[in-house]
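# Report on the structure
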Amino acid sequence: MTTSSDKSNTAQKKPSVPLSRLPATIFNRRWWWTTLIIIGVILLFARLGIWQLDRLQQRRTRNTEYLQQIATESLELTGQALPADPTELRDRSAKAIGEYDFEEQIVLTQQNWQGRPGAHLITPLQITGSDSAVLVNRGWIPSVDVEAGQLSQYDHSGIQEVYGAIQLSQTLSGDRETVVEGLRQNWYRIDIAAIQEQIPYELLPIFLLESPSENETTQLPYRLEPDIDLSDGPHLGYAIQWFLFAAVLAVGYLRYVSTHTIR
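Let me sum up the structure you'll find in this document. In this text, all values refer to a predicted model and were calculated from it rather than measured experimentally.

## Focus: the overall build of the protein
The secondary structure content of the protein amounts to six helices and eight strands. Reading the helices (α) and strands (β) of the protein from amino to carboxyl end gives α-α-α-β-β-β-β-β-α-β-β-α-β-α. Relative to its full complement of 263 residues, the protein shows a buried share of 35%. For the protein, the share of sequence-separated contacts (at least 6 apart) that also reach a separation of at least 24 residues comes to 66%. Summed over all atoms, the accessible surface of the protein reaches about 16300 Å², with 54% contributed by carbon and sulfur.

Rendered as structure tokens:
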């Protein structure tokens, strides 16, 4: 005998479409437009996952290149022509010998050091035996010294031997040019081509980030280390996340169709 509770449970059970009929069902007149939207979203999620894997590979390649560069023998900058593509030299250690030109010194503003506002001193080093110079980021100083114009206390006269890491010109995105109107001392980026317009001699197309030494930890300007993160970053986790979104959406949609199709 069938009880009322059994009839109620039977009535509450939703019919489901057999797996063999699902492909045809999701493209029938009732579901085809929804199916196309779902497929589009799934493909989007999958593409985002692939994009994150590409970003992961790019990051790993960049990390490998950096490790190779810092292991390469130090380069001496003599003022002679550098490779046509300066990116080949990025992060490589280098040495330059010459004399600072403090008349052409500029400051890189809005630079913090352990939460303190300040600026970086950017000074041309006129290379000995050459008509060229290389910009040197000599480190961080507090904003109060910049505002008071007290920069001469950081001058080092005479021939200097400078060691540092080669860095690339900092340009605007989209190959936009920095507009320079008259002489400027305060800059927001080390755009060498733009700075060259106010320097009376040739600048190398790279600059040096002067390396700190053991006895300079408490001496201004504070020398800086290249800001390099050698981890894989979040890209793998993001890729897995997008692939999971795609899989959950696909399975969830098929389950929904199978239980909401009237046979």
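Next comes the rest of the write-up.
## Quick look at the packing of helix 3 (residues 32-71) against helix 6 (residues 235-259)
Contact geometry for helix 3 and helix 6: axes closest at 8 Å, N-to-C directions at 165 degrees. As summarised for this structure, helix 3 and helix 6 are arranged roughly antiparallel, according to the angle between their axes. For the pair helix 3 and helix 6, the sense of crossing is left-handed. The residue inventory of the contact of helix 3 with helix 6, partitioned by class, reads 19 nonpolar, five polar and two charged.

## A closer look at the pattern of salt bridges
Where charged atoms of side chains with opposite charge meet at close range, the side chains can pair. Considering all chains together, one arrives at three salt bridges under this definition. Residue Asp91 is joined to Arg62 by a salt bridge in which the shortest nitrogen-to-oxygen separation is 2.3 Å. Residue Asp91 is located in the loop between strand 1 (75-77) and strand 2 (93-100), and its partner Arg62 is located in helix 3; the two are separated by 29 residues in the primary sequence. Classification of Arg62 as partly exposed rests on a relative accessible area of 24%. Glu210 is the salt-bridge partner of Arg223, the closest N and O atoms lying 3.5 Å from each other. Taken together, the residues Arg223 in the loop between strand 8 (202-210) and helix 6 and Glu210 in strand 8 connect sequence positions 13 residues apart. For Glu210, a relative accessible area of 11% gives the class buried.

## As for unusual backbone geometry
Cis peptide bonds are those with omega within 30 degrees of zero, and the linkage from Leu220 to Pro221 qualifies with -5 degrees. Tracing the sequence through the fold places Pro221 in the loop between strand 8 and helix 6. With phi around 75 degrees, Asp91 is a residue other than glycine that occupies positive phi space. Not every positive phi belongs to a glycine, and Gln110 is a case in point at roughly 55 degrees. With respect to the element layout, Gln110 can be found in strand 3 (residues 106-113).

## Side note on the environment of Arg189
Locating Arg189 in the fold gives a position in the loop between strand 7 (186-187) and helix 5 (192-196). The class for Arg189 is partly exposed, based on a relative accessible area of 25%. In the structure, Arg189 is positioned 81 residues away from Leu108 in sequence and 6.4 Å away in space, judged by C-alpha atoms.

## Some points on helix 3
For helix 3, which comprises 40 residues, the first-to-last C-alpha distance of 58 Å matches the rise-based estimate of 58 Å (1.5 Å per residue) to within 8%. Every buried residue of helix 3 is listed here: Thr34, Thr35, Ile38, Phe45, Gly49, Gln52, Leu56, Asn63, Tyr66 and Gln69.

## Side note on helix 6
Helix length check: helix 6 (25 residues) gives 36 Å between terminal C-alpha atoms against 36 Å at 1.5 Å per residue, within 8%. Turning to helix 6, its buried residues number three or more, namely His235, Ala239, Ala246, Tyr253, Val257 and Ser258.

## A few points about the side chain of Gln167
Mapped onto the elements, Gln167 comes out in strand 6 (residues 159-168). Those residues in contact with Gln167 that lie beyond four places of it in its chain are Asp91, Ile206, Phe207 and Leu209.

## Regarding a nonpolar patch on the surface
Where nonpolar side chains cluster on the molecular surface, the patch consists of Trp32, Trp33, Leu36, Ile37, Ile39 and Leu43 and spans about 630 Å² of accessible area. Of note, Ile37 is situated in helix 3.

## A word on the packing of aromatic side chains
Applying the stated rule across the entire model yields seven aromatic pairs. An angle of 55 degrees between the planes, with centres 5.9 Å apart, marks the rings of Phe45 and Phe245 as tilted. Taken together, the positions of Phe45 in helix 3 and Phe245 in helix 6 put the pair 200 residues apart, joining distant regions of the chain. Residue classification places Phe45 among the buried positions, given a relative accessible area of 18%. Taken together through their ring pairs, the aromatic side chains of Phe45, Trp242 and Phe245 make up a single cluster.

What counts and what doesn't
Residues numbered from 1 in each chain as written. Predicted model: local features only at pLDDT ≥ 70, side-chain atom pairs only at ≥ 80, totals over all residues. Heavy atoms only, no water. Helix = DSSP H or I, 4+ residues; strand = E, 2+ residues; numbered from the N terminus. Buried < 20%, exposed > 50% of the residue type's maximum accessible area, 1.4 Å probe, protein only. Contact = heavy atoms within 4.5 Å. Areas by Shrake-Rupley, 256 points an atom, 1.4 Å probe, with all protein chains shown as cover. Axes fitted to C-alpha atoms, helices over the stretch in contact; angles between N-to-C directions. Parallel < 35°, antiparallel > 145°, perpendicular 65-115°, else oblique. Left-handed = near helix turned anticlockwise from the far one by under 90°. Nonpolar A, V, L, I, M, F, W, Y, C, P; charged D, E, K, R; others polar. Salt bridge = Lys/Arg side-chain N within 4 Å of Asp/Glu carboxyl O. Expected span 1.5 Å × (residues − 1). Patch = residues over 30% accessible without salt bridge, like charges linked within 9 Å, V, L, I, M, F, W, Y side chains within 5 Å. Phe/Tyr/Trp six-rings, centres within 6.5 Å; stacked < 30°, edge-to-face > 60°.

Keep in mind that these numbers describe shape and distance, not what the molecule does.
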